[in-house]
Amino acid sequence: MGYRKFCAAIVVGCWGLLLGGCASTPVASLPPATLWQDAAFDYQPTRVTETRETLFTLDPELVRTLRGGDTLNAPTHRRLERLLSRLYTKEGMLLSYASGHTTGAMQTWTNKRGDCLSLTILAYAAATALRLDAHMQEVPVPLSVDRRGGLDYVSSHVNVFVTTDSEIALHGQVYGAHGFVIDFEPQPGSRRIGQWLTEEGILARYYSNRGTEYLVAKDHQQAYAYYRAAIAAAPDYAPAYTNLAHLYAGQGLLAPAEQLLSHAMALGGPSYAPLRAMQRLLAAQGRTADAQHYADLLARRQDEDPYHWFGLGVEALAQGQHAAAIRALERAAALTTGFEEIHYNLGLAYWRNGQRDAAGKQLAALQAINQRDPGVAVLARKMQSMAPS
């Protein structure tokens, strides 16, 4: 399911960089004198050239092909089918996934590739052009860390949810009414309903990703300008504060970096990045007791996070470690309800471990939640076979 590929946010260096993030409860803003370090980075607003309007602007030819004929007057499911026909074929996506560079809708279409955030922006803009009721959303998924060039990239996941009033037929497969998720890199858990994001929230994620690209390129002035723009677009977007704190720490601005991380933690959200970054920042200063406090908080949060255990279980299952997968997935199941993919993977782990009765109970739980979940048919077929494989 593309579990190791990701979407939208970073955390770097020994702490990591955040790509993407989720909306959270607003808290009081930091005073500008505390937050900004304009002189240290020769701040100039004109360094940021993209706007919300340019981010979602589509290629005119794409708009013409989407709206051809009497499409705008067609029922919702017909307009959605038109959109999907421009993005997918029977063989898969017409666009390719490419991490490392976030682009706006027009450039993504021109390039025919993009990272998860880029592809989500394009799909949303195209859906809007067809007057569909589309929403960009951030979906909780197991934490994924990719280490490249000495930096840790920690990504969140975004996709597009389109409200529908009837079933959708695509390449011979029928999808249920009420909602359709367009997801270019599905991950465990990404089919669940997420946190709907505003265009400003997506703009903040775009700016933060671009800031990280400049940070990796060691263009600290550009990175600062983009992180500053991300915070201005969505003051409650915690990962931008964490990424800016990394930039500050790299320039020896340790006290402001610590303040930013404290603010990011106060904003909340599911990311471990501010906790991990604070622990490492304090440890690097020799503040052992303070660093241990945040290490303990991080461990406690992981222990109480079903997505942490779900991710461990899915990975263990892929490696054939069935007993370890069962332990992790049982812990995930104990921490949440109504999570189809946990029941499917736990049932599969039981079945592969020879625990047929336990597997049957997970199949029953999956059927009770959603009879039409594709995992029901898959698990049922396996249960009917003579022996696990």
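Our structure's up above, just so we're on the same page.
Residues numbered from 1 in each chain as written. Predicted model: local features only at pLDDT ≥ 70, side-chain atom pairs only at ≥ 80, totals over all residues. Heavy atoms only, no water.

### Focus: unusual backbone geometry
Going by this rule: Only DSSP runs of H or I with at least four residues qualify as helices, and only runs of E with at least two residues qualify as strands; both kinds are numbered from the N terminus onward. Only protein chains enter the accessibility calculation, which uses a 1.4 Å probe; a residue whose area is less than 20% of its type maximum is buried, one above 50% is exposed, and one in between is partly exposed.
Of note in the backbone geometry, D42 takes a positive phi value of approximately 45 degrees without being a glycine. By secondary structure assignment, the location of D42 is in the loop between α1 (32-35) and α2 (52-56). For D42, a relative accessible area of 39% corresponds to the partly exposed category. A positive phi angle, close to 60 degrees, is found at R131, a residue other than glycine. Residue position: R131 is located in the loop between α6 (116-129) and β7 (134-148). Looking at R131, the relative accessible area reads 55%, which means it is exposed.

### Topic: the packing of aromatic side chains
In plain terms, the rule: Any pair of Phe, Tyr and Trp rings, taking the six-membered ring for Trp, is counted once the centres come within 6.5 Å. Such a pair is stacked with planes under 30 degrees apart, edge-to-face with planes over 60 apart, and tilted for the rest. In this scheme, Lys NZ or Arg CZ marks a charge over a ring once it lies within 6 Å of the ring centre and within 35 degrees of the ring normal.
Counting across every chain of the model gives 9 aromatic pairs. Centroid distance F56 to Y124: 5.5 Å. Interplanar angle 70 degrees. Geometry classified as edge-to-face. Linking F56 in helix α2 with Y124 in helix α6, this pair joins segments that are 68 residues apart in sequence. We classify Y124 as buried; its relative accessible area is 12%. One aromatic cluster in this structure is built from F41, Y43, Y224 and Y248. The ring of W36 has R228 lying over it, and the distance from NZ or CZ to the ring centre is 4.1 Å. One Lys or Arg, R228, reaches over the ring of Y43 and ends 4.2 Å from the middle of that ring.

### Considering the nonpolar core
Here is the rule we go by: In this description, a nonpolar core means a group of buried Ala, Val, Leu, Ile, Met, Phe, Trp, Tyr and Cys residues linked to one another through side-chain atoms lying within 4.5 Å. Residues are treated as being in contact if the distance between any of their heavy atoms lies within 4.5 Å.
Judged by nonpolar contacts, the single largest core of 80 residues is most densely connected at L83, I182 and L244. In terms of residue count, α6 provides more of this core than any other element does, 11 residues in total. Not counting chain neighbours up to four residues away, the residues in contact with L244 comprise L35, W36, Y224, Y227, I231 and L260.

### Side note on the packing of helix α11 (residues 273-284) against helix α12 (residues 288-303)
Packed helix pairs are specified by the crossing angle of their axes together with the interaxial distance, meaning the distance between the axes. Quick reminder of the rule: To obtain an axis, a line is fitted to C-alpha atoms, over the contacting stretch when the element is a helix, and the angle between two such axes runs from 0 to 180 degrees between their N-to-C directions. Our angle categories are set so that under 35 degrees counts as roughly parallel, over 145 as roughly antiparallel, 65 to 115 as roughly perpendicular, and the remainder as oblique. Helix crossings get a hand from a simple test, with the near helix turned counterclockwise from the far one by less than a right angle marking a left-handed crossing and a clockwise turn marking a right-handed one. For this classification, the nonpolar set comprises Ala, Val, Leu, Ile, Met, Phe, Trp, Tyr, Cys and Pro, the charged set comprises Asp, Glu, Lys and Arg, and every other residue, Gly included, is treated as polar.
Interaxial distance between α11 and α12 falls to 8 Å at its minimum, and their mutual angle equals 160 degrees. With respect to α12, the axis of α11 lies roughly antiparallel. Crossing handedness for the pair α11 and α12: left-handed. In this structure, α11 contributes L275, R276, M278, Q279, L282 and A283 to the contact, and α12 contributes D290, A291, Y294, A295, L297, L298, R301 and Q302. Here the contact of α11 with α12 is composed, by residue class, of 9 nonpolar, 2 polar and 3 charged.

### Some details on the environment of S118
Rules: N or O atoms closer than or at 3.5 Å make up a polar contact, with two conditions inside protein: a donor-capable atom paired with an acceptor-capable one, and, for residues adjacent in sequence, both atoms drawn from side chains.
Here S118 lies in helix α6. Residue class for S118 comes out buried when judged on its relative accessible area of 0%. Sequence-wise, S118 and A105 are 13 residues apart; in three dimensions their C-alpha atoms are separated by 6.7 Å. In this structure S118 touches H101, T102, T103 and T108, once residues within four positions along its chain are discounted. Here T103 takes part through its backbone nitrogen, which lies 2.8 Å from a polar atom of the side chain of S118.

The quantities given are spatial measurements derived from coordinates; they are silent on function.
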